[in-house]
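What the coordinates show
Chain by chain, the residues run as shown.
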Amino acid sequence: MTTPQPQSPEPSVHIDPYERGWMIAAIIMLVVFALAVAVASYSLGIQLPAPEARVDPNTITTSGPFANPGLRELAPGRYEAYIVAHGQGWYFNPRQISVPAGSEVTFYVTSPDVQHGFKLEGTNVNMMVIPGQVSTLTRRFDTPGEYNWVCHEYCGTGHAAMYGTITVTP
Amino acid sequence: MTAIATTTPVAAVTPSVVPAKYVLSKGEKRFIGLQLLVATLALSIGSLFGPLQALEFSGLTIGGRDLYALFQPLLASYYQGLTLHGVLNALIWTTFFITGFFTLTVTYGLRRPLAYPKLGWLGFIMMTLGLLTAAVPILLNEASVLYTFYPPLQANWAFYVGLVLVVVGSWVQGYGFYITYYRWRKQNPGVRTPLMTFGSLITMVMWQIATLGIAVEILTQLLPWSLGLLPGVDPQLNRTYFWFTGHPLVYFWLLPAYVSWYAMLPKQAGGKLFSDSLARFSFWMFLVLSTPLGLHHQFTDPGVPTIWKTIHAILTYAVAFPSLLTAFTVVASLEYAGRQRGGKGLLGWIPKLPWSNPSVSIQILSGVLFVFGGIGGITNASYNINLVIHNTAWVPGHFHLTVASAVTMTFMGIAYWLVPHLTGRKLWAPKLALAQGWIWFIGMMIFSNAMHTLGLLGAPRRTPLGVAPYVPANWEPRLLQTAIGGAILFIGAYLFVAIMVVTVLRKPAPAAEVPEVPEAQSIQDPQLTPAWLDRWAPWLTIAILLIILMYGPNLFYQITNMQNTSPGFKLW
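I will try to describe carefully the structure that is included in this document. A quick note: this is a predicted structure, and the numbers were derived from the prediction, not measured.

Things to note about the overall build of chain A
- Along the backbone of chain A there are one helix and 10 strands.
- Along its sequence from the N terminus, chain A presents helices and strands in the succession α-β-β-β-β-β-β-β-β-β-β.
- Here chain A has a C-alpha radius of gyration of 25 Å; the compact-globule value for 170 residues is 15 Å, and the former is much larger.
- Projected onto the principal axes, the alpha-carbon positions of chain A cover approximately 85 × 35 × 25 Å.
- Within chain A, the fraction of its 170 residues that count as buried is 35%.
- The contacts of chain A with a sequence gap of at least 6 include a subset with a gap of at least 24, amounting to 63%.

Put into structure tokens, the structure is as follows:
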């Protein structure tokens, strides 16, 4: 054979020192990211939607809390908003709610027909709206103004028109 | 496969891989070429709708009517176009290209024909029949459900049947690869599987495990439901089935590009693969980690417990690791190539790379875009940070950097040598092909930058923003930017198609001028890679166990709480 005899003919994983450094750096980076996410969810309390309730999409508009959707005041400055996302007609019911600045609003959203989305601009309120499930997140509104929520999942031809507004009054 | 431990060191470094090259038969070339042809046809049709969507964003109207009104009755709506764009580009262009390319990487890598070429043809015919079956309802506007086909939007049953046939056809081609590999392995015990074959087989196995999700979704829920045999489905459960397949689908697209980057690009660039062991380790990591993390697509789903979302988020970080390894190995291989070509200094190797080779340059450019795609991907995976961008324009911005850049540009780069190789022609207008890669690169930079920014501003995805009533003024310049990027990409797509068509129609070239299959050598003899990196059983066991652990309890919870209460809706 003309090939030179290798120094170490035993099979082994050869890792270049630079590559080793890169691998260690990559692992550290990913661990730091995971810790940052953990801090954000447990110290800052930025949570994802979690299982809330199962409903029958065929009956929500006639019985239960979604039969009379809208804003309800639980205590001064604390509200819950029941919202139905309709694919037949492409609208949110209600389309508009109004709360005073400093209020905390818990959104409950569901659908009687197809999947929808619920994203409130400039906030972390971002949920899939799935028939049979109730999606919920809570948000505090300190700055007066008008904020749109939009449907972000394709729900038929009129999807682009589907949005609602929360007015935060001074 | 303990041969290595017992043979002498000399035998260990002089493997018995027999012929140095393998000449594909005419039949094999025709078979691979036909699959690339279907893929390219799909891309050429799917790409028609891209600029239409992008121009719609800009709010462009003609004679007071929106753009889609002009195409009626051929094209009913934005969403029918978007369904065609997603299905043809993301599912058909990729799958047909991949099965064709893998036929090459298996036969050329192993230096032998497929054990049962008819099995390959059977798979291909099933895929093509599936494509045609799904195409009919899509073209008739009976399946405008986008490529994620979330119920309760209900497509015509033929759409679901067609998708099943495409997937099962790809499995059948995969079985042909496995048998071919098994025969080779029996005759070559202890020899390291050639890397191009190795990566392709792992990708195919990963795909066959991962597609069980949509197989179950379609066969137990959507198909009987669309046929009227099942009155309702459970939309949340179907999302979980879908994303069981949906995320590894991304790796099914991406790993063939990695096969090219690891096993071919170093040769094309004039160098060698930097690390054979770590290349193999990366592929095994993808087999193990691609599937048990699909819930990171469902962070905002109401019906999935947050503990499982957390666990899948962590696993998604883990799968970033083999991609980071790939980034190092591919760049190191290119640096090695650049230095072999006389590059000096810290960065002097970069200009020495063969930038004038259209196949090389477009693949390097695809890698550059993929860096941004990877960063965006980590953002998407980051649990509550995902709340900022979920289902916004950021997401299509992201996957146009992955599937429409890293994957599609690499496939184009492969086609630039593979189509001449298969047809015995020289590539037509290589300078134009070079420009094509840069045009795509620039168009994508403009497009994806705009889409990411729109997403951060809150613009929803899958929405004709040109007609949406809630668009604030600060989105407008970005919507225009999207239109410009989309138009440039359209030019890039059709330049590619034109180059392919003219190349195929040229006169045959002398054999010496036709490119060969670029098979990269690694710096270290692959026989020195440990045997455990070439053994299926342990990795496959870990992969299956991890899927059962990470999906089992949550799927059990969702299936036992299944409520088939959603009838079908056709709201388009």
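Quick word on helix 9 (residues 212-226) of chain B
All names here are of chain B.
- With 15 residues, helix 9 ought to run about 21 Å at 1.5 Å a step, and its terminal C-alpha atoms sit 20 Å apart, in line with that.
- Along its length, helix 9 reaches its greatest deviation from straightness, about 45 degrees, at isoleucine 218.
- Along helix 9, the residues classified as buried are Gly213, Ile214, Glu217, Ile218, Gln221, Leu222, Trp225 and Ser226.
- Taken together, the buried residues of helix 9 touch helix 7 (157-187), helix 8 (195-210) and helix 10 (235-263).
- Remark: glycine 228 follows helix 9 within two positions and exhibits a positive phi of approximately 85 degrees.

A closer look at the interface of chain A and chain B
- With 61 residues of chain A at the contact, the number on the chain B side is 64 residues.
- If you list the elements that add at least two residues to the side of chain A that touches chain B, you get helix 1 (17-42), strand 6 (116-120), strand 7 (126-129) and strand 9 (145-150) of chain A.
- In terms of residues, the side of chain A that touches chain B owes the most to one element, helix 1 of chain A, which gives 11 residues.
- Looking at side-chain class alone, the side of chain A that touches chain B contains 32 nonpolar, 20 polar and nine charged residues.

Section: helix 6 (residues 117-139) of chain B
- Here helix 6 of chain B spans 33 Å end to end across 23 residues, near enough to the 33 Å set by a 1.5 Å rise per residue.
- At its buried positions, helix 6 of chain B is contacted by helix 3 (26-57), helix 5 (78-110) and helix 7 of chain B.

A few points about unusual backbone geometry
Residue and element names in this part refer to chain B.
- Following glutamine 72, the chain continues into proline 73 via a peptide bond in cis, with omega recorded as 5 degrees.
- As for its placement among the helices and strands, proline 73 is situated in the loop between helix 4 (67-70) and helix 5.
- Of note, the amide linkage connecting proline 151 to proline 152 takes the cis form, showing an omega dihedral of 10 degrees.
- With respect to the helices and strands, proline 152 occurs in the loop between helix 6 and helix 7.
- The backbone of tyrosine 383 sits at a positive phi, close to 40 degrees, despite the residue not being glycine.

Observations concerning the sheet that holds strand 7 of chain A
Residues and elements named next belong to chain A.
- Spatial strand order, 4-10-9-6-7: five strands in an open sheet with mixed pairing. Because the sheet does not close on itself, it has two edges, and the strands there are strand 4 (96-100) and strand 7. Strand-to-strand, the axes of this sheet are offset by a mean angle of 20 degrees, without reference to chain direction.
- With five bridges connecting them, strand 4 and strand 10 (residues 163-169) associate as parallel partners. Each bridged residue has a counterpart across the sheet, and for serine 98 the counterpart in strand 10 is threonine 167.

A few points about the packing of helix 6 of chain B against helix 7 of chain B
All names here are of chain B.
- Running from N to C, helix 6 and helix 7 point in directions that differ by 165 degrees, and their axes come no closer than 7 Å. Taken together, helix 6 and helix 7 sit at an angle that is classed as roughly antiparallel. In this structure, the crossing between helix 6 and helix 7 has a hand that is left-handed.
- The class makeup of the residues in the contact of helix 6 with helix 7 is 21 nonpolar, nine polar and no charged.

Digging into the environment of B:Ala406
Residues and elements named next belong to chain B.
- Along the chain, alanine 406 turns up in helix 17 (residues 394-423).
- By C-beta crowding, alanine 406 is classed as buried, having 27 other C-beta atoms within 10 Å.
- Note: C-alpha distance between alanine 406 and leucine 254 (152 residues apart in sequence) is 7.3 Å.

Some remarks on the nonpolar core
Residue and element names in this part refer to chain B.
- Membership of the largest hydrophobic core comes to 205 residues, with the highest contact counts inside it found for Leu254, Tyr262 and Ala415.
- It is helix 5 that contributes the most residues to this core, 19 residues altogether.
- Not counting residues up to four positions away in its chain, the partners in contact with tyrosine 262 are Leu195, Gly199, Leu273, Ala279, Thr329 and Val330.
- Residues Ala313, Ala381, Ile385 and Leu387 belong to the second largest nonpolar core, which totals nine residues.

Quick look at the pairing of strand 7 of chain A
All names here are of chain A.
- Of the two faces of strand 7, the one holding Asn126 and Met128 and the one holding Met127 and Val129 are both buried throughout.
- Pairing between strand 6 and strand 7: four bridges, direction antiparallel. Among the inter-strand pairings, histidine 116 is bridged to a residue of strand 7, identified as valine 129.
- The antiparallel hairpin formed by strand 6 and strand 7 contains five residues in its connecting segment, where glycine 122 sits at a positive phi of about 75 degrees.

Regarding the environment of B:Leu43
Residues and elements named next belong to chain B.
- With respect to the secondary-structure elements, leucine 43 resides in helix 3.
- Spatially, the C-alpha atoms of leucine 43 and glycine 120 are 22 Å apart, while their sequence positions differ by 77 residues.
- Among all residues touching leucine 43, those that are not within four sequence positions of it are Asn89, Trp93 and Ala493.

Rules of the game
Residues numbered from 1 in each chain as written. Chains lettered and ligands numbered in written order. Predicted model: local features only at pLDDT ≥ 70, side-chain atom pairs only at ≥ 80, totals over all residues. Helix = DSSP H or I, 4+ residues; strand = E, 2+ residues; numbered from the N terminus. Rg over C-alpha atoms; globule rule 2.2 N^0.38 Å. Buried ≥ 20, exposed ≤ 12 C-beta atoms within 10 Å, placed from the backbone. Contact = placed C-beta atoms within 7 Å. Expected span 1.5 Å × (residues − 1). Bend = angle between axes of the 7 residues up to and from the residue. Nonpolar A, V, L, I, M, F, W, Y, C, P; charged D, E, K, R; others polar. Pairing = 2+ DSSP bridges. Axes fitted to C-alpha atoms, helices over the stretch in contact; angles between N-to-C directions. Parallel < 35°, antiparallel > 145°, perpendicular 65-115°, else oblique. Left-handed = near helix turned anticlockwise from the far one by under 90°. Core = buried A, V, L, I, M, F, W, Y, C linked by C-beta atoms within 7 Å.

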